[in-house]
Amino acid sequence: MTSIPDIVKGTRIKACTECRQQKLRCDASNDYSQPCSRCRKFGLECVVSRNFRRVKRRTKSELQAELDQLKRRVAVDSVRPPPAHSVQGSEVDLAQTSGVVPETMTSSQGLANGESTRLQRRTFSPTVTEHAEMPPPTPDQATSSTLSQSIQGMSVDAHDIDECFTLFFDKNLPYVPIFDTKVNPDDCYRASPFLFWAIVTTGARKSENPTLILTLAPKVMDLAKLAIFASERYLPTIQALILMCTWPIPIDTLQKDKVPMLAGAMLQIATNMGLHVYGTAQDFTRVASRHDRRQRDFRTRLWALCLITCQRVNNLRGLPPLLISDTYSYEGYRESPFIDISATIQFQRKLNRIQTEATLLIDLGRAVDQGLTRLASLSDECTSHSDRIWLLSAQLQLQACLLLAHSSAIQDMELSDLYGNACTMIEFVEELDKQEQFASFGPTLLLPALHLAALLILRIGKSHVSHMLELQRGRRCFFVVIDLNKKMSVRADDLAARGTIILAQLWTSKVPFKLPDGTVDPLWLRCRSRLGMSICFDCYWLWRQEFGGLPNPYDGVEDVLRNASGKLTSLSVLDPGMNMGIGWSPETPFTDCWWPQFDELVYDNTWQQNGEGMQDDMPR
């Protein structure tokens, strides 16, 4: 037996690196000058080293991703010089930017230099494919460093991809900062194809190619369904869902609106993986989870944007307000979890919480003034135009809840203020559109708020307080909303395009707004179960009746009472807490409110495999 090599003296290491990698018995310690019997049998290099660290076995998906990466490198290298940065470097940049852990990250980083070189040579050595004859480059490949990509048989060339990414990061990203810096398209695709296509689809809304958004939309929606039920990469999936909720896929009717389902799935994914818990999410995973400060900040920001987006989706559709408890507001931390988070995100998180709490109080019959006072206190904290828009929208939605009561219970000055605030919001959006093309690139999630402002102007302008209002100002603002709808539209029959028709026809309508007894009252709402957005859905049904030929779905079901004088009175006047649900008939077919049932979504644990993978895997 030969003497023990200096490199392993003082250690308990007796096996060679190859046997340690496979966790097999090794007889190298019998004679260190000779290979062990296993390495001698298979012709392997027998090395005994104290610096060796065992490499975990890679999954099939990781091997497939590496193969795809090598194919792309071969295609790119054949038409242009190799990039200055390495593939691994670009993936690290993406991880640092978005918090996404790349699938193709090499697992040999813990090896000694010599062993790392040997492993990399065995993994990335040139293959026959690299030396095979490649097809001639297309003009697009010759002029762009970005690779073309395909989705469900549809190919999108590099020029369109670059344009969409540029538009997104320059125009859209400031409204929803899910990234710190710009991300390379190829790196993004390697990290998450779903996030990649969500970015392309968002940027495609106003790209040079007007057909791109139309053809991509249904394919990306299919991709979203697959990503939601995938077993990995949930952080980029949440990022992608935030984009799809903020800039929804164009649809032609509310019945096809899948944004509430996407938002609900996104929130469940986020809480199920522990994003609502500040710091590490070890309690929500079966593998060791170690997050540095950068990862904690990323998770904090992503959770804030996820919660803000879900709350907006509910609020702007008149759905029950969403109040989620998390650990970020707890006292006792050595420093605030939001110390490195942008002031805009902090403001909007606070704004949404106040709006949600105030809406819940209204549902219990409390006064609207309490919530409006709290929202007004935020005015001096706005740090951007985006903050101001969302504040005005929240105030308008909350103040519109006044119309849930009978018009006789609303003070004239309150109606005048509501009319003026609707005009103020529209004028602010108009000015912002002139400065930074807000209608073209701003969140289309805000479209219902613009409709709310316009319809408030329409209804209040025809009420008994019309003599107190600036009617010409309101008329101009109403037409501005129609123009903003045209700019937001990306296809001839989407909701924004249809909004221009609906608003224009409602403005010119001669049919008066009436109580069930025939009394004219423009402030009477048959629909009162959609909170501050009730006036919108009430007007939509009026439009369906007059211009769509549909019958009155509320006929005979309005809950009204007669007082001692025999006059019809709204039930809400007697008890403000009974506003919610008044006028609803179980037999009434509200087709726009039908949603698919998810009985088949039972718990499935097939994704529980070997515990390896990313830190943002679904909780085990």
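Residues numbered from 1 in each chain as written. Predicted model: local features only at pLDDT ≥ 70, side-chain atom pairs only at ≥ 80, totals over all residues. Heavy atoms only, no water.

(A) Representation of the packing of aromatic side chains within the structure. Counted according to the given criterion, the structure contains 14 aromatic pairs. Between the aromatic rings of F165 and F196, the centroid separation amounts to 5.5 Å while the plane-to-plane angle is 40 degrees, which identifies the pairing as tilted. You can see F165 sitting in helix α8 (residues 158-172) and its partner F196 sitting in helix α10 (residues 193-203), a full 31 residues away along the chain. Using a relative accessible area of 1% as the deciding quantity, one classes F165 as buried. Overall, F196 belongs to the buried group, its relative accessible area being 1%. (Phe/Tyr/Trp six-rings, centres within 6.5 Å; stacked < 30°, edge-to-face > 60°. Helix = DSSP H or I, 4+ residues; strand = E, 2+ residues; numbered from the N terminus. Buried < 20%, exposed > 50% of the residue type's maximum accessible area, 1.4 Å probe, protein only.)

(B) The arrangement of the pattern of salt bridges in detail. The final tally for this structure, using the stated rule, is 20 salt bridges. Across the salt bridge formed by R190 and D187, the nearest N and O atoms sit 2.2 Å from each other. Taken together, the residues R190 and D187, both in helix α9 (residues 185-191) and three residues apart, mark about one turn of the helix. Grouping residues by exposure puts R190 and D187 together as buried. The partner of E357 in a salt bridge is R374, and the shortest N-O contact between them spans 3.0 Å. Here the residue E357 occupies a position in helix α15 (residues 343-363), and R374 occupies one in helix α16 (residues 368-376), the gap between them amounting to 17 residues. On the accessibility criterion, E357 (22% relative accessible area) is partly exposed. Connected through shared salt-bridge partners, R293, D297, E335 and D340 make up one network. (Salt bridge = Lys/Arg side-chain N within 4 Å of Asp/Glu carboxyl O.)

(C) Examining the confidence of the model for the chain more closely. Summing up the model confidence of the chain, the mean pLDDT is 78 and the portion of residues at 70 or higher is 75%. Here residues 78-143 is modelled with pLDDT under 50, and outside its nearest four sequence neighbours on either side it reaches 99 contacts, counting other chains as well. Of the regions scoring below 50 in pLDDT, residues 559-620 engages in 104 contacts with residues more than four places distant in sequence or in other chains. (pLDDT = per-residue confidence, 0-100. Contact = heavy atoms within 4.5 Å.)

(D) How the structure looks around the environment of Q21. Looking at the secondary structure, you find Q21 in helix α1 (residues 17-22). Since its relative accessible area comes to 18%, Q21 is described here as buried. Between the C-alpha atom of Q21 and that of V55, which follows or precedes it by 34 residues, the distance is 6.8 Å. Aside from chain neighbours lying at most four places away, what touches Q21 is F52, R54 and V55.

(E) Focus on the side chain of R526. Within the fold, R526 resides in the loop between α22 (495-508) and α23 (534-548). Taking the relative accessible area as the measure of exposure, R526 reaches 7% and is therefore buried. Of the polar contacts made by the side chain of R526, one reaches the side chain of N552; its length is 2.6 Å. (Polar contact = N/O pair within 3.5 Å; in protein donor to acceptor, adjacent residues only side chain to side chain.)

(F) Up close: the nonpolar core. Counting residues in each nonpolar core, the largest one holds 144 residues, and the members touching the most others are I238 and L456. Ranked by the residues each element gives to this core, the list is headed by helix α20 (residues 447-461), at eleven residues. Beyond its immediate stretch of four places on either side in the chain, L456 contacts L396, A400, L403, L418, Y419, A422, G461 and I535. Of all hydrophobic cores here, the second largest spans ten residues; its members include I13, A15, C16 and C36. (Core = buried A, V, L, I, M, F, W, Y, C linked by side-chain atoms within 4.5 Å.)

(G) Focus on helix α18 (residues 412-436). End to end, α18 covers 36 Å across 25 residues, agreeing with the expected 36 Å (1.5 Å per residue, within 8%). Q437 sits one or two positions beyond α18 and adopts a positive phi of about 55 degrees. (Expected span 1.5 Å × (residues − 1).)

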